[in-house]
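Now for the letters of each chain:
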Amino acid sequence: MTSTQSTDGARAHARAQAAAATPARPQTPSDVDPTAVVVAQRIPAGGYANVVLGRGTRVRLTDPSGTTCAHLFLLRAESPWERLNVADTVKVPWQAYLSTGHPLLSDQGRVLATVLADTSGHHDTLCGPTADGRRQLHLAAAKQGLEPRDVGPSIALFRGARVAPDGAIASTGNGKAGAALDLVIHLPVTLLVANAPHPLDDRPTGDLDLLAWPAGADRATNNDPEYRRAVDNTEAAWSAVQNTEVPA
């Protein structure tokens, strides 16, 4: 064991501790330029992440082992009182089950993000997080200066739920190992995610991978009139921000 009785020994000990505490990074997939990646985090079971992402960022959340559950919440970065509204995210597109082209809507009728790709199909917009998941989201929010009241209902990715004909909600578990969901960000957001079991499926979770890089020309394709209206609202808000002149 390194002695900490001298400055050199204390420094060596501190650096060894830092190296041991460095979290693992996910591997960059073959379809992503590793030099373009701006966020790469592996979130262990019971962990959380908080990142601020710019407009035009592509985000990939991956379930490497087919066992994770990602509780996701978004807030507009520069205006955190505007945040993900799960009820509108279900109501406006007339669809409770996330899939490619599905918008994640704010409480102001704007698109914070859109699902670009999904190889899982096991997600849930109905149940919200467990107590542990909520606590982790609150801890993630605190790292961004936010309070518990700033965090509303979240979306669960990779552990799904479906509504039966009698109205009961049943778990559909996880999809295949390596399944991923990609989002494109429409407005600057603070992304909070917690890796915790689902309320209907309390199995321990596995690692969760988070990658982000510039989306470039990658854009969502959804011609539903409700979606186009929300996009128009979003673009008008973004244009107003960009064209606002700050007095000298």
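Look a little higher up for the structure.
Quick caveat: nothing in here was measured; it's all calculated off a predicted structure.

Roughly 190 Å³ of internal volume is contained in the largest pocket. Taken together, R55, G56, V184, I185, H186, R219, A220, Y227, R228, V231 and E235 make up the full set of residues lining the largest pocket. Counting only elements with at least two residues in the lining of the largest pocket, the list comes to β11 (179-185) and α4 (225-243). For the lining of the largest pocket, the element with the most residues is α4, which contributes 4 residues. Taken together, the residues that form the lining of the largest pocket break down as 5 nonpolar, 2 polar and 4 charged.

With that settled, consider the sheet that holds β11. The strand order across the open sheet formed by 6 strands is β1-β13-β3-β11-β6-β5, and the pairing between neighbours is antiparallel. Each having just a single partner strand, β1 (39-43) and β5 (103-105) make up the two edges of the open sheet. Direction aside, neighbouring strands of the sheet carry axes that sit 20 degrees apart on average. As judged from the 5 bridges shared by strand β6 (residues 111-118) and β11, these two strands associate in the antiparallel manner. When the sheet's bridge partners are listed, D118 is paired in β11 with L181.

Right, let's get into the sheet that holds strand β2 (residues 48-53). Spatially, 5 strands are ordered β2-β12-β4-β8-β7 in an open sheet, and the strand pairing comes out antiparallel. The sheet terminates laterally at β2 and β7 (123-124), the two strands that pair on one side only.

A few words now on the nonpolar core. The biggest cluster of nonpolar side chains holds 39 residues, and the ones touching the most others in it are L53, L74, L104 and L157. If we skip the residues at most four places from it in the chain, L74 touches R83, L84, L104, L112, A113, V189, T190 and L191. Counting 9 residues, the second largest nonpolar core, distinct from the first, contains V111, L116, V184 and A230.

How each quantity is defined
Residues numbered from 1 in each chain as written. Predicted model: local features only at pLDDT ≥ 70, side-chain atom pairs only at ≥ 80, totals over all residues. Heavy atoms only, no water. 1 Å grid on protein atoms, 1.4 Å probe; cavity = no way out; pocket = protein on both sides within 12 Å on 5 of 7 lines; lining within 4 Å. Points joined across faces, edges and corners; volume = space filled by probe spheres on them. Helix = DSSP H or I, 4+ residues; strand = E, 2+ residues; numbered from the N terminus. Nonpolar A, V, L, I, M, F, W, Y, C, P; charged D, E, K, R; others polar. Pairing = 2+ DSSP bridges. Axes fitted to C-alpha atoms, helices over the stretch in contact; angles between N-to-C directions. Core = buried A, V, L, I, M, F, W, Y, C linked by side-chain atoms within 4.5 Å. Buried < 20%, exposed > 50% of the residue type's maximum accessible area, 1.4 Å probe, protein only. Contact = heavy atoms within 4.5 Å.

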